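Structure at a glance
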Amino acid sequence: MTECTSLQFVSPFAFEAMQKVDVVCLASLSDPELRLLLPCLVRMALCAPADQSQSWAQDKKLILRLLSGVEAVNSIVALLSVDFHALEQDASKEQQLRHKLGGGSGESILVSQLQHGLTLEFEHSDSPRRLRLVLSELLAIMNKVSESNGEFFFKSSELFESPVYLEEAADVLCILQAELPSLLPIVDVAEALLHVRNGAWFLCLLVANVPDSFNEVCRGLIKNGERQDEESLGGRRRTDALRFLCKMNPSQALKVRGMVVEECHLPGLGVALTLDHTKNEACEDGVSDLVCFVSGLLLGTNAKVRTWFGTFIRNGQQRKRETSSSVLWQMRRQLLLELMGILPTVRSTRIVEEADVDMEPNVSVYSGLKEEHVVKASALLRLYCALMGIAGLKPTEEEAEQLLQLMTSRPPATPAGVRFVSLSFCMLLAFSTLVSTPEQEQLMVVWLSWMIKEEAYFESTSGVSASFGEMLLLVAMYFHSNQLSAIIDLVCSTLGMKIVIKPSSLSRMKTIFTQEIFTEQVVTAHAVRVPVTSNLSANITGFLPIHCIYQLLRSRSFTKHKVSIKDWIYRQLCETSTPLHPQLLPLIDVYINSILTPASKSNPEATNQPVTEQEILNIFQGVIGGDNIRLNQRFSITAQLLVLYYILSYEEALLANTKTLAAMQRKPKSYSSSLMDQIPIKFLIRQAQGLQQELGGLHSALLRLLATNYPHLCIVDDWICEEEITGTDALLRRMLLTNNAKNHSPKQLQEAFSAVPVNNTQVMQIIEHLTLLSASELIPYAEVLTSNMSQLLNSGVPRRILQTVNKLWMVLNTVMPRRLWVMTVNALQPSIKFVRQQKYTQNDLMIDPLIVLRCDQRVHRCPPLMDITLHMLNGYLLASKAYLSAHLKETEQDRPSQNNTIGLVGQTDAPEVTREELKNALLAAQDSAAVQILLEICLPTEEEKANGVNPDSLLRNVQSVITTSAPNKGMEEGEDNLLCNLREGYPCELLPLTVAGIPSMHICLDFIPELIAQPELEKQIFAIQLLSHLCIQYALPKSLSVARLAVNVMGTLLTVLTQAKRYAFFMPTLPSLVSFCRAFPPLYEDIMSLLIQIGQVCASDVATQTRDIDPIITRLQQIKEKPSGWSQICKDSSYKNGSRDTGSMDPDVQLCHCIERTVIEIINMSVSGI
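All values derive from a computational prediction rather than experimental measurement.

1. Points about the overall build of the chain
A tally of helices and strands in the chain yields 66 helices and two strands. Within the chain, the fraction of its 1170 residues that count as buried is 52%. Considering only contacts within the chain whose residues lie at least 6 apart along the sequence, 74% involve residues at least 24 apart.

Structure (structure tokens):
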């Protein structure tokens, strides 16, 4: 709106005085300034105020005195004397008429036929007619605006264009809006004024006389505005009008700018307001408001705002009219001025040779950036990156030249300087078109060479671990491996924005890096010399040496150029802390792969060297545990856990690649079992469990490796026990911890154990105190506790001591299980005079887990120590399985010709058996043997049989311990192992114990039919006896069907067995029929019929020898027909004791008497049940 430049606007001072109704400030205004505010001041003086205070009365007098000398006041008073109610009614009628006849109708109710022009008519009219003239013209414009559907038009109106009557017309406009607010909403009036000449001036006067409407008018104009204001005349006029409003009220300019961003309308206005604000602010060294505003739009999280402003930039470039009046041109000019303002003032234009650059690290012929300008320079670089990469700005030659000068400048060695160099480097990669001439390219090469030379100095001086040297090295490695997408991701990550970079644009930079600056051999040699990051953790962000080494390992550059990287990786693992850096685990994985897999098939020896065993042991020196001893540790727990992860992953990868390595005739060295025995794996896992949040995925990765390679360290019972030990109870115990408990030394404990046969009190007191210690604090006492276990087997040792030792052993088992198990097994060996005890190793026990059960026989009658033995047995059975699986894979490459199969000895046509099947058979035999041995331990000795078994005896306690833990092992290992155990059978005296004590015995119901089908008579007898106890324990429908099957099988066997076998089979199985009837009464008829059949068969065999059987058969028939009549007879002691007719030694006679006793028991059971 250039037509308004010659007019006088309301000053910010005058507007603020109107807002605050500051009469003193108003009185200080000049007459021209006061003239613009007369409509509001006259209304304040004449209208009845709502404020009846004395202070306002005094202010009103001052306003009247102020107005008394102004001539124009009289005309405004005359305007206020009009009947506005009648005027409003006529205006409403005219609007209805125009709506009815159409907007183009020339008829008017407010104004009759005009004889002269509108300006001349306004001059000759009185106040009422002047109001009608302005109102009619304003309503006509407002109606046309509402009918234009957003299309801008320019309305020529003499009334708003004549410079002679502008002030009078403004007075009438202000009075009309103030007196008729419902007819003339101020937002609609403001919208209409944009379509007339001098509209911005009228709008500012209108708002100045109604200062409270400023925000409402601005928001309305912005909301109705165009999305791109510089594209149309209407948008530019709207922008200019709002700029005039904000100049009048500069304190609200930034708020109006916020409205612009919120509505995503008028982007030019937002930039213009920012430019106005930037010119007014006094900020020399800091980042300007323009840079912050535009950066926030393009780099913010609001995608809608980013797209909207990017469109403004693109459209502005497409217009050929790029003059100083364009807001975009003004913005670019201002940014360029700010950029040039921070460039070094003295700068050599010559190209520096290598000899010139080889100076002091902090001396350069190039004048560097001032320290106070570095942050502003970084902000400008990011802004230009966003403008070019997101908004599509195409820099001019001048902008490109100045940007390149800024990017290749030398900042001071500060953290901000490191950040600036990183941004400059990434901007060069992202926008390589900025380098267009050979001179500029040479300037860039010299600057990159300066980066390489100065990197170490910058890192040491600035104190920043993540320097630009690592980024330079990483980009060089990406170029060598042609990973251009990785470079693009790196650039976007460093710049903090997602921009489109074509891989083809990096071709020239790739040539410079790979041929002039960093050859691949230089990269690898330089990478090894880069110092490791001290105390590497996730808190250190940016690009570090570890990123470079990781990429070089992936590309196999070290092995290709025969550069050893083992020492660097080892040093970096030692220099780690929590929280764990996310690049450490991938680094270890790719390092292991480079050890096992050659870089090429033609050169199988091109691999990296593994970490030595001595270096690994150095990491774990001092890992004894306990808070008071942890200070002696040289390396952090993070380093120890990472090395543990390396060892376990290495061994797993070695086994997984056995076939591949055998094909290449390579056999990398595996770490020895003695090394693994010295590493406190369980203790480290416990430490990692408490640091899960800080270790990221390391804890879960270690658990996965343990479950695969060390299943005996992942026993569920141990985890449950550990939860109990480390839970709330443990905290309460530690609260009770006294100084006495801490003062007991292992030597004192040994002395107390030596006095156990005579004095038990001292050892009891010490071990009770030890229960208050944590697991790690108990480790020094482990050897004393285990070595003296054999003394606890002597008679007279209190049970409480044994139970406390068991408790301490279980606590130690949570931190040092493998070493503890070996010491315990060796301590519990049987003591034989003149025979030297063998010291077993961890390897011996994994090969033969049954060594655990070859302990002192007294352990079998010591429940606390038997519990420990069972725990070790379970662990070594799992360890044996893992050991044999690993051994199978390790030796697989040694038997390539036999195809891993073995023929049965002595059988020429026998089917071949795979090594896997043999391993499974060995494991099944181990499990079965363990179960059989434990079941035999449950049998009473001859002495115990003679004395009888009391419910509280040691035998009963041991039986309880064994049945609740050990035999379940056979159940859990699958159907084959269970069936194997059942086929072997065990003494029938243990059937009540096993069925009642083993929770999973119900699984045997699935295998009883197969066991009954076995040809051996002993196994059939065992199956029926076992089934009888299972039916009592588990009276289920499935048990009923199996019992019915057993009865039918017994009937079938009756017809095929000889006399001797019939006696051997039915004598032990007939009592089982009583249990069948007790569990399932519906089987009564079938069982009674079976018993009679058995009796008849026996009677027929002895018919020729004796007639004593016939009365028995007769009695059986009568009992079956009338059981109630025999109930009293059955209670006779002779029937119960089986003393009738027992003198005969004939098997059939004895079997008949057994049948009679069975029938009587069934009848007694049924009668007592009724």
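2. Some thoughts on the layout of surface pockets
Taken as a whole, the largest pocket encloses approximately 710 Å³ of empty space. What lines the largest pocket is a set of 29 residues, and nearest its centre among them are N709, Y710, Y883, A886 and E890. Of all the secondary-structure elements, those providing two or more residues to the lining of the largest pocket are helix 35 (637–656), helix 37 (673–678), helix 40 (698–709), helix 50 (842–847) and helix 51 (863–890). It is helix 51 that provides the largest number of residues to the lining of the largest pocket, a total of ten residues. In the lining of the largest pocket, the residues fall into twelve nonpolar, ten polar and seven charged.

3. Brief notes about the nonpolar core
Among the nonpolar cores identified, the biggest contains 318 residues, and L245 and Y646 are the most heavily contacted of them. When residues of this core are assigned to their parent elements, the largest contribution, twelve residues, is made by helix 35. Excluding anything up to four places from it in sequence, Y646 contacts I588, Y591, I592, I595, P610, V611, I616 and Y671. Listed in part, the 51 residues of the second largest apolar core include L1030, L1073, F1080 and M1165.

4. Here's the deal with unusual backbone geometry
In the segment running from T578 into P579, the intervening peptide bond is cis, with an omega of -5°. Position of P579 among the secondary structure elements: in the loop between helix 32 (566–574) and helix 33 (584–596). Phi is positive for N198, which is not a glycine, with a value near 65°. Its place among the elements puts N198 in the loop between helix 12 (186–193) and helix 13 (199–209).

5. Topic: the pattern of salt bridges
Going through the model one piece at a time under the given rule, you end up with 24 salt bridges. Between R35 and E167 there is a salt bridge; the shortest N-O distance is 3.4 Å. Placement of the pair is R35 in helix 3 (residues 31–35) and E167 in helix 11 (residues 166–179), with a sequence separation of 132 residues. The class for R35 is buried, based on a relative accessible area of 12%. In this structure, D848 and R854 form a salt bridge, with 2.8 Å as the shortest nitrogen-oxygen distance. Taking relative accessible area as the criterion, D848 reaches 23% and is therefore assigned partly exposed.

6. Focus on the side chain of Q228
As for its placement among the helices and strands, Q228 is situated in the loop between helix 14 (214–223) and helix 15 (233–248). Within polar-contact distance, the side chain of Q228 engages the backbone oxygen of W308 at 3.2 Å. Setting aside residues up to four positions removed in sequence, Q228 forms contacts with P267, W308, T311, F312 and N315.

7. Quick notes on the confidence of the model for the chain
When pLDDT is averaged across the chain, the result is 80; 82% of the residues are at 70 or more. Note on residues 346–366: pLDDT is under 50 here. Beyond four places in sequence and across chains, it has 33 contacts.

8. Describing the environment of G875
Looking at where G875 falls in the secondary structure, it is placed in helix 51. With a relative accessible area of 0%, G875 lands in the buried category. The spatial distance from the C-alpha of G875 to the C-alpha of H712 is 4.6 Å, given a sequence separation of 163 residues. Non-local contacts of G875, meaning those with residues more than four positions away in its chain, are made with H712, I715 and W821.

9. Considering the packing of helix 24 (residues 415–430) against helix 26 (residues 468–480)
Helix packing geometry: the angle between the two helix axes and the distance between the axes. Relative orientation of the contacting elements helix 24 and helix 26 amounts to 20°, with a least axis distance of 9 Å. With respect to helix 26, the axis of helix 24 lies roughly parallel. When helix 24 is examined against helix 26, the residues V418, V421, S422, F425, C426 and L429 are found in contact with a partner set consisting of F468, M471, L472, V475 and F479. Tallied by class, residues from the contact of helix 24 with helix 26 come to ten nonpolar, one polar and no charged.

10. Some remarks on the packing of helix 26 against helix 27 (residues 484–495)
Contact geometry of helix 26 with helix 27 gives a least axis separation of 8 Å together with a crossing angle of 155°. Between helix 26 and helix 27, the interaxial angle falls into the category roughly antiparallel. The two elements helix 26 and helix 27 meet at a crossing, and its hand is left-handed. Between helix 26, through M471, L474, V475, Y478 and F479, and helix 27, the contact on the second element is made entirely by L484, A486, I487, L490 and T494.

11. Examining the packing of aromatic side chains
Under the criterion given, the structure shown has 15 aromatic pairs. Ring centres of F160 and F202 lie 5.1 Å apart, and the angle between their planes is 85°; on these two criteria the pair is classed as edge-to-face. Separated by 42 residues along the polypeptide, F160 in helix 10 (residues 158–161) and F202 in helix 13 bring together distant segments of the chain. As far as the burial class goes, F160 and F202 line up, both buried. Look at Y591 and Y646: their rings are 6.0 Å apart centre to centre, the planes differ by 25°, and that puts the pair in the stacked class. Of this pair, Y591 sits in helix 33 while Y646 sits in helix 35; the two residues are 55 residues apart in sequence, bridging distant segments of the chain. Across this residue pair, the class does not change: Y591 and Y646 are buried. Taken together, Y591, Y646, Y650 and Y671 form an aromatic cluster joined through their ring pairs.

12. Some details on the side chain of S295
Note on placement: S295 falls in helix 18 (residues 289–299). Judged by relative accessible area, S295 falls into the buried class, the value being 13%. If sequence neighbours within four positions are ignored, S295 has contacts with G300 and L383.

13. Looking at the state of the cysteines
According to the stated counting rule, one finds zero disulfides in the structure shown. Free of any disulfide, C246 has its nearest neighbouring cysteine sulfur in C218, separated by 5.3 Å.

14. Brief notes about the environment of I569
Mapped onto the secondary structure, I569 falls in helix 32. A residue is classified by how much of its surface remains accessible, and I569, at 1% relative accessible area, is buried. Not counting residues up to four positions away in its chain, the partners in contact with I569 are L553 and Y591.

15. Focus: the environment of L336
Examined against the element boundaries, L336 turns out to sit in helix 20 (residues 327–342). L336 sits in the buried class, given a relative accessible area of 4%. Between the C-alpha atoms of L336 and E399, which are 63 residues apart in sequence, the distance is 6.7 Å. If near-sequence neighbours (up to four positions away) are discounted, L336 is found in contact with Y384, E398, E399 and Q402.

Rules of the game
Residues numbered from 1 in each chain as written. Predicted model: local features only at pLDDT ≥ 70, side-chain atom pairs only at ≥ 80, totals over all residues. Heavy atoms only, no water. Helix = DSSP H or I, 4+ residues; strand = E, 2+ residues; numbered from the N terminus. Buried < 20%, exposed > 50% of the residue type's maximum accessible area, 1.4 Å probe, protein only. Contact = heavy atoms within 4.5 Å. 1 Å grid on protein atoms, 1.4 Å probe; cavity = no way out; pocket = protein on both sides within 12 Å on 5 of 7 lines; lining within 4 Å. Points joined across faces, edges and corners; volume = space filled by probe spheres on them. Nonpolar A, V, L, I, M, F, W, Y, C, P; charged D, E, K, R; others polar. Core = buried A, V, L, I, M, F, W, Y, C linked by side-chain atoms within 4.5 Å. Salt bridge = Lys/Arg side-chain N within 4 Å of Asp/Glu carboxyl O. Polar contact = N/O pair within 3.5 Å; in protein donor to acceptor, adjacent residues only side chain to side chain. pLDDT = per-residue confidence, 0-100. Axes fitted to C-alpha atoms, helices over the stretch in contact; angles between N-to-C directions. Parallel < 35°, antiparallel > 145°, perpendicular 65-115°, else oblique. Left-handed = near helix turned anticlockwise from the far one by under 90°. Phe/Tyr/Trp six-rings, centres within 6.5 Å; stacked < 30°, edge-to-face > 60°. Disulfide = S-S within 2.5 Å.

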